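# Structural overview
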Amino acid sequence: MRWSSIEDKWFRFKSKAKQEWGALSDAQLDEIAGDRDRLEREIAATYGKTPDEARFDVSSWKERVAVA
């Protein structure tokens, strides 16, 4: 699945993102609106991860939700 599919259907994927990263608020997820870079930055800031760790987490999540 291409990221553009997640971005275009963020309303569907937002709840899956909330399940994965529960510390992100609904307001944060609304503001992210499917923007991958912003999601990675919010994860890094909220969870104290490096940008590379956040990028890896988002890539792994994308692969899991693509088959779900």
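Scope of this entry: the structure provided in the associated data block. (Residues numbered from 1 in each chain as written. Predicted model: local features only at pLDDT ≥ 70, side-chain atom pairs only at ≥ 80, totals over all residues. Heavy atoms only, no water.)

### Describing the overall build of the protein
Looking only at helices and strands, the protein has five helices and zero strands in total. At 11 Å, the protein has a C-alpha radius of gyration in line with the 11 Å of a compact globule built from 68 residues. Its C-alpha atoms put the protein at 25 × 25 × 20 Å along the principal axes. Within the protein, the fraction of its 68 residues that count as buried is 32%. Restricting to contacts in the protein with at least 6 residues of sequence separation, those with at least 24 account for 45%. Of the accessible surface of the protein, which amounts to about 4200 Å², a share of 48% is contributed by carbon and sulfur atoms. (Helix = DSSP H or I, 4+ residues; strand = E, 2+ residues; numbered from the N terminus. Rg over C-alpha atoms; globule rule 2.2 N^0.38 Å. Buried < 20%, exposed > 50% of the residue type's maximum accessible area, 1.4 Å probe, protein only. Contact = heavy atoms within 4.5 Å. Areas by Shrake-Rupley, 256 points an atom, 1.4 Å probe, with all protein chains shown as cover.)

### As for the side chain of D57
One can find D57 in helix α5 (residues 51-67). A polar atom in the side chain of D57 sits 2.6 Å from the side chain of K49. Ignoring sequence-local partners within four residues, the contact set of D57 consists of W21 and K49. (Polar contact = N/O pair within 3.5 Å; in protein donor to acceptor, adjacent residues only side chain to side chain.)

### Thoughts on helix α4 (residues 36-47)
Across its 12 residues, α4 extends 16 Å between first and last C-alpha, which sits within 8% of the 16 Å expected from 1.5 Å per residue. Within the span of α4, buried status applies to L39, E40, E42, I43 and A44. Those residues of α4 that are buried are in contact with α1 (3-8), α2 (10-20), α3 (26-32) and α5. Phi turns positive, to about 65°, at G48, one or two residues after α4. (Expected span 1.5 Å × (residues − 1).)

### Regarding the packing of α2 against α5
Remark: α2 packs on α5, axes separated minimally by 11 Å, with the N-to-C direction vectors making an angle of 120°. Relative to α5, the element α2 is oriented oblique. Here the hand of the crossing between α2 and α5 comes out right-handed. Contacts from W10, F13, K16, A17 and E20 in α2 reach W61, R64 and V65 in α5. Classifying every residue of the contact of α2 with α5 gives five nonpolar, no polar and three charged. (Axes fitted to C-alpha atoms, helices over the stretch in contact; angles between N-to-C directions. Parallel < 35°, antiparallel > 145°, perpendicular 65-115°, else oblique. Left-handed = near helix turned anticlockwise from the far one by under 90°. Nonpolar A, V, L, I, M, F, W, Y, C, P; charged D, E, K, R; others polar.)

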